[in-house]
Protein chains: 2
Amino acid sequence: MYRTSTCGELRLADVNKQVTLAGWVQRVRKMGGMTFIDLRDRYGITQLAFEQGNEQQNALFEQAGKLGREYVIQVTGLVKERYSKNEQLPTGDIEIEVTALKVLNPAAVPPFTIEDDTDGGDDIRMKYRYLDLRRSCVRKNLELRHKMAFEVRSYLDGQGFLEVETPVLVNSTPEGARDFVVPSRMNEGQFYALPQSPQILKQLLMVSGFDRYFQIVKCFRDEDLRADRQPEFTQIDCEMSFVEQEDILQMFEGMTRHLFKTIKGIDLPALPRMTWSDAMKYYGSDKPDTRFDMRFVELMDVLKGYGFSVFDEAAYIGGICAKGAASYTRKQLDQLTEFVKRPQVGAKGLVYARVEADGTVKSSVDKFYSQEVLQQLRQAFDAQPGDLILILSGDDANKTRKQLSELRLEMGSRLGLRDKNKYSCLWVIDFPMYEWSDEEQRLMAMHHPFTSPKPEDIPLLDTDPAAVRANAYDMVINGVEVGGGSIRIHDAKLQEKVFEILGFTPEQAQAKFGFLMNAFKYGAPPHGGLAYGLDRFVSLFAGLDSIRDCIAFPKNNQGRDVMLGAPGPIDQKQMDELKIKTVK
Amino acid sequence: MYRTSTCGELRLADVNKQVTLAGWVQRVRKMGGMTFIDLRDRYGITQLAFEQGNEQQNALFEQAGKLGREYVIQVTGLVKERYSKNEQLPTGDIEIEVTALKVLNPAAVPPFTIEDDTDGGDDIRMKYRYLDLRRSCVRKNLELRHKMAFEVRSYLDGQGFLEVETPVLVNSTPEGARDFVVPSRMNEGQFYALPQSPQILKQLLMVSGFDRYFQIVKCFRDEDLRADRQPEFTQIDCEMSFVEQEDILQMFEGMTRHLFKTIKGIDLPALPRMTWSDAMKYYGSDKPDTRFDMRFVELMDVLKGYGFSVFDEAAYIGGICAKGAASYTRKQLDQLTEFVKRPQVGAKGLVYARVEADGTVKSSVDKFYSQEVLQQLRQAFDAQPGDLILILSGDDANKTRKQLSELRLEMGSRLGLRDKNKYSCLWVIDFPMYEWSDEEQRLMAMHHPFTSPKPEDIPLLDTDPAAVRANAYDMVINGVEVGGGSIRIHDAKLQEKVFEILGFTPEQAQAKFGFLMNAFKYGAPPHGGLAYGLDRFVSLFAGLDSIRDCIAFPKNNQGRDVMLGAPGPIDQKQMDELKIKTVK
């Protein structure tokens, strides 16, 4: 061992001990006859002191003065109490009076500063990710990730779950996103696919009687990338047998509570449950950010029929009440109008109404509405003096709700209601079984085609399939869907009917899903499960804007690892062995 | 929840409780007016009793009689003490007097019996792996795997290691085995590679100051498969900074001890250490099975020069002493001779010598050797009356040692000295840095090119590189290499010299390894690590002959998952998107 202590552990109680430390030179400060060095490792920073004096001291002093940033050194010395203590550092009461110094490795000047507040841009930090990871703010995210994964395993192991590794080289997924594929050398012209999720394998493990399965597992999707998507991502994948929806909600509410308690020290209250239709109605989103209220109020009854053609012709009119925002300036209101008109939001315009100090309401469409109607508007929101009502309308209720949802989130941010250190968790339940696809011109499975309908809605499969609700559920935290799943169909007849509604002939269903359906013939238990996105979950706990910051070696928007230089060309020899070639 | 109890938990203390169980029908036994059903789940087997009697009882009795093997059922009833108890089962004191029975799912007759001693052959069990996994002997291996992985994580977390996920989509490995590759859709003509190990990434994490890293991680090698190889396998991958070899040996000896204690209840003694050269000299193997002694004795001094040309011309003569095997029949000795002459072993013949009850030695080459010489032979082994000495010779010492090693293992097996329930662990240390490759006609890195030489051998790099020993080590248990690793080079000059001896010009070294060498310029700490093969480790603990039995969904020798039907063809559309095509 090159050290007796880490750079994070020495305290006043250690004074006068001889210690050896090793680490990186964070900073060299020369102050006349003294030189101070901050020595850094994963565990902390310890101050080293070099003072001019006798021959040996002078030699060390000179040596210390030559050290550059990020040199790796080993020092031996005595722990001493500091004259001027640093209360910011856990080791700030002491310093090391160095008696021996050895350079273990010199360092070239790094291309950016290794500080939380670095001068390095995103591109250079990704290229030198191994240096970026030295910054304690980045490393702490990965420490958190380790801790969360560890606590997930502790909890699930304690609940009798078995972690089972499923293969990475599998076959293509029917009905999924685009797969990454791997040419097989031993099976000419054939390809493995990388799993988008272990969905089918975990259901097979239930057929096998594993009863409670989980896995923290890499999954892969060859989709065009957005800020919050990576081609490889990590799921906490879970499945249970002989359970109903309530059992799953209880179990994983327990897991979430365990994480909040052990990682954040937070006693999470029982998770509220919101139906999907309420989430859409009141928040315009299936993953509402419930850190703040600001629910939608529908205004068709209040505002229609007064000659304002925009509203009179609308299929939906709805609004939100922003507490205390009546003081918004013209400029701020214009910014909001611009915000809703951005193509990403897509509204045509924004109507507002201020509640004045005397209780009267002033709106941007005053000429159409009497004060009496505006007071009805105010009552619909129970708005108080100083509040600002913001109203959107449109000819498609669902689209307008989504626009209003964006506006609500924007107002939440502007009013400081989306504090990253505050957590609001809920279950969204009763998702629809199907959603209409304009592209495919058919009903598609909203969750996946093995999701079970709610028993009371089964008769609707024949009469009104679009109205059937599923035993499907999402866990939402601060407006982020961190997990989701469903109870699966274990009855072959019901499964056939669900496929039929999806537009599959029995032959097509057999071709696409026959493998799993056949397995189910040999005694499938009732089962269900869910999967959490670990990257998102960690990001939420770390208060990050992007999942990239909690991934050690992430890929960029072109799917490239710029540090490794992957992907890259391969040898002709290897392509020949694989019996493939590239084409333009 | 479909049950109040599992099939493994009810005991006499539960008598007269009303319970609900769910599981699979293992067996139906009809005995006149009684029908007994063994109901199975992951946790055990509980007996259900159905007796004729009143109308309700008769209906249940009839229903029970119609149940087939592997039906999934739910029953409610009263826990009763059994008349004839079954001491083989933890639940064998009780049975359930069933008052309600529901078939949750019927089952087709499975293609083989779901019993430990099944009638299904390997092929059909792999095709229906989800049914094979129902057999408790198979499931127990995966339960063990879960437990071992969990305990590895507990130990390493306790020692301050961070589990960091490294990417699966990386770049090709220089100097490694064949990579699996993944065409990149977004980067035309380019390919990702799947990692053979996270070697470079874990060394980068040390450069990043992560200090203690581990990961239980899938690795991939596109090699031709043998019994004990899978295209994807799992490593316990570890790396530490500021350590010397001794620190790593201590840390992972501790981990191994923790596993033996928590999983097997065994207090493992301190691991002996054997140099690589002793392992080769005394066992002819770098992974000696030390459950039994039977060390090699070299016999050049004893047996040369008596006119037996086979020995007189040999470069190596060596033997082993099989205790108590002097009673071997002619037939048994012929079998041994055939064994060593098999092409897989490759010896030309076998000489034996028996120590008779009176102490005289009878050998198969008596006509060349006097009793006096044969007594010297006996003394060389300290052989006792009843012992059998087996001797091989050849013109290549290393090859002959390997043959003798095979013979030693064979004799160990025949004499019952390789008990799967007995464990003998050791470290093999001081591996050579280089080994000569006839194929490449150059020295190759025995471990990998970043392995550090022993400091005292560094001068030999200039004079006799083949004699340089490395700071490399393997952990061997029962003749299986379960783990291995090395201290890495952190000094750029030393690394250059090592590359030079491997025959790389500075340009070639830069092209192949420049990325890591550049990273090292920014302050690399001294570091080292090792990796365990989890599949092998679990197999050893489970006493399995093949790693396949501890993998949920293994691949066959053609790299196929016969259950999933992977690999398989992919759509032309997908190939077009990837800009690749297959060629004959």
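Please read all numbers here as calculations on a predicted model, not as lab measurements. (Residues numbered from 1 in each chain as written. Chains lettered and ligands numbered in written order. Predicted model: local features only at pLDDT ≥ 70, side-chain atom pairs only at ≥ 80, totals over all residues. Heavy atoms only, no water.)

Trainee: Can you help me understand the packing of helix α5 (residues 199–207) of chain B against helix α15 (residues 506–520) of chain B in this one?
Mentor: The geometry of a pair of packed helices is captured by two quantities: the angle between their axes and the separation between those axes. All names here are of chain B. In contact at an axis separation of 10 Å, α5 and α15 are set at 15° when each is read in the N-to-C sense. As far as their axial angle goes, α15 and α5 are roughly parallel. As for the relative orientation of α5 and α15, their crossing is left-handed in sense. Where α5 abuts α15, its residues Ile 200, Gln 203, Leu 204 and Val 207 lie against Phe 515, Leu 516, Ala 519 and Phe 520. (Axes fitted to C-alpha atoms, helices over the stretch in contact; angles between N-to-C directions. Helix = DSSP H or I, 4+ residues; strand = E, 2+ residues; numbered from the N terminus. Parallel < 35°, antiparallel > 145°, perpendicular 65-115°, else oblique. Left-handed = near helix turned anticlockwise from the far one by under 90°. Contact = heavy atoms within 4.5 Å.)

Trainee: Would you mind going over the packing of aromatic side chains with me for this structure?
Mentor: Any pair of aromatic rings gets described here by the distance separating the centres and the angle formed by the planes. The tally for this structure, following the rule as stated, stands at 40 aromatic pairs over all chains. With 5.9 Å between their ring centres and 45° between their planes, A:Phe504 and A:Phe513 make a pair best called tilted. The same class applies to A:Phe504 as to A:Phe513, namely buried. A ring pair is formed by A:Tyr532 and A:Phe537, whose centres lie 5.4 Å apart and whose planes are at 20°; its orientation type is stacked. By way of ring pairs, the aromatic residues A:Phe161, A:Phe252, A:Phe260, A:Tyr423, A:Tyr532, A:Phe537 and A:Phe541 are connected into one cluster. Of note, B:Arg295 hangs over the ring of B:Tyr282, and the distance from its end group to the ring centre comes to 4.5 Å. (Phe/Tyr/Trp six-rings, centres within 6.5 Å; stacked < 30°, edge-to-face > 60°. Buried < 20%, exposed > 50% of the residue type's maximum accessible area, 1.4 Å probe, protein only. Lys NZ or Arg CZ within 6 Å of the ring centre and 35° of its normal.)

Trainee: Is there a simple way to think about the side chain of B:Asp132 in this case?
Mentor: All names here are of chain B. Along the polypeptide, Asp 132 turns up in helix α3 (residues 129–132). What makes Asp 132 buried here is its relative accessible area of 0%. When residues no more than four places from it in sequence are discounted, the contact partners of Asp 132 are Phe 112, Arg 125, Met 126 and Val 138.

Trainee: Any chance you could explain the relation of the copies chain A and chain B here in plain terms?
Mentor: Relating one copy of the chain to the other takes a rotation about an axis and a shift parallel to that axis. Between the two copies, chain A and chain B, the superposition gives an RMSD of 0.1 Å; the rotation angle is 180° and the shift along the axis is 0.0 Å. Expressed as a symmetry operation, the mapping of one chain copy onto the other fits a two-fold axis. (Least-squares fit on C-alpha atoms with pLDDT ≥ 70 in both.)

Trainee: Looking at this structure, how should I read the sheet that holds strand β14 (residues 351–355) of chain B?
Mentor: Sheets are built from strands paired through backbone hydrogen bonds, the pairs being either parallel or antiparallel. Residues and elements named next belong to chain B. Spatially, five strands are ordered β12-β13-β16-β14-β15 in an open sheet, and the strand pairing comes out antiparallel. Two strands in the sheet have a free side with no partner beyond their single neighbour: β12 (297–298) and β15 (361–363). Sheet strands touched by helix α11 (residues 371–381): β12, β13 (316–322), β14, β15 and β16 (388–394). Its angle to β15, the strand with the most contacts, is close to 100°. (Pairing = 2+ DSSP bridges.)

Trainee: Looking at this structure, I do not really get unusual backbone geometry. What am I missing?
Mentor: Most of the time, phi is negative for any residue but glycine, and the peptide bond is trans. Residues and elements named next belong to chain A. Between Ala 566 and Pro 567 the backbone carries a cis peptide bond, its omega angle lying at 0°. Positioned with a positive phi, Lys 579 is a non-glycine residue whose angle comes to about 55°. The topology assignment puts Lys 579 in the loop between α17 (572–578) and β23 (580–582).

Trainee: Where do I start with the sheet that holds strand β17 (residues 425–429) of chain B in this structure?
Mentor: Residues and elements named next belong to chain B. Taken in spatial order, the eight strands make up an open sheet running β6-β9-β10-β22-β21-β20-β17-β11, and their pairing is mixed. Of all the strands in the sheet, the pair left with one neighbour each is β6 (162–163) and β11 (273–275). Judged from the five bridges that link them, β17 and strand β20 (residues 472–477) form a sheet pairing that is antiparallel. Bridging from a neighbouring strand, Trp 427 pairs with Met 475 of β20.

Trainee: Help me understand the pattern of salt bridges, please; the structure alone is not making it clear to me.
Mentor: Here the idea is simple: oppositely charged side chains can pair when their charged atoms come close. The final tally for this structure, using the stated rule, is 90 salt bridges over all chains. Between B:Arg291 and B:Asp289 there is a salt bridge whose closest N-O contact spans 2.7 Å. Each member of the pair, B:Arg291 as well as B:Asp289, carries the same accessibility label: buried. B:Arg469 is paired through a salt bridge with B:Asp430; the nearest N and O atoms lie 3.6 Å apart. Separated by 39 residues along the polypeptide, B:Arg469 in the loop between α13 (460–463) and β20 and B:Asp430 in the loop between β17 and β18 (434–437) bring together distant segments of the chain. It is possible to trace a salt-bridge network through shared partners that takes in A:Asp122, A:Arg125, A:Arg129, A:Asp132 and A:Arg135. (Salt bridge = Lys/Arg side-chain N within 4 Å of Asp/Glu carboxyl O.)

Trainee: Honestly, the confidence of the model for chain A in this entry has me stumped. Any pointers?
Mentor: Predicted coordinates in areas of low pLDDT are best not read in detail. Across chain A, the average pLDDT comes to 95, with 100% of residues at 70 or higher. Predicted as a complex, the structure gets a pTM of 0.96 and an ipTM equal to 0.95. (pLDDT = per-residue confidence, 0-100.)

Trainee: Would you mind going over the domain arrangement of chain A with me for this structure?
Mentor: Interfaces are often sized by the amount of accessible area the parts lose when they come together. Segmentation of chain A into domains returns domain 1 (12–105), domain 2 (139–274 + 425–550) and domain 3 (292–414). Here the C-alpha centre of domain 3 of chain A lies 62 Å away from the C-alpha centre of domain 1 of chain A. (Domains from an automatic or database assignment.)

Trainee: For this particular structure, what's the right way to read the interface of chain A and chain B?
Mentor: The interface of chain A with chain B comprises 122 residues on the first partner and 122 residues on the second. Summed over both sides, the interface of chain A with chain B buries roughly 11000 Å², with 60% coming from carbon and sulfur. Counting the surface chain A buries against chain B, the share from its top three residues, A:Glu165, A:Phe242 and A:Tyr522, is 8%. Run the count over chain A and chain B and you get 12 salt bridges. (Buried area = accessible area lost by both parts, 1.4 Å probe.)

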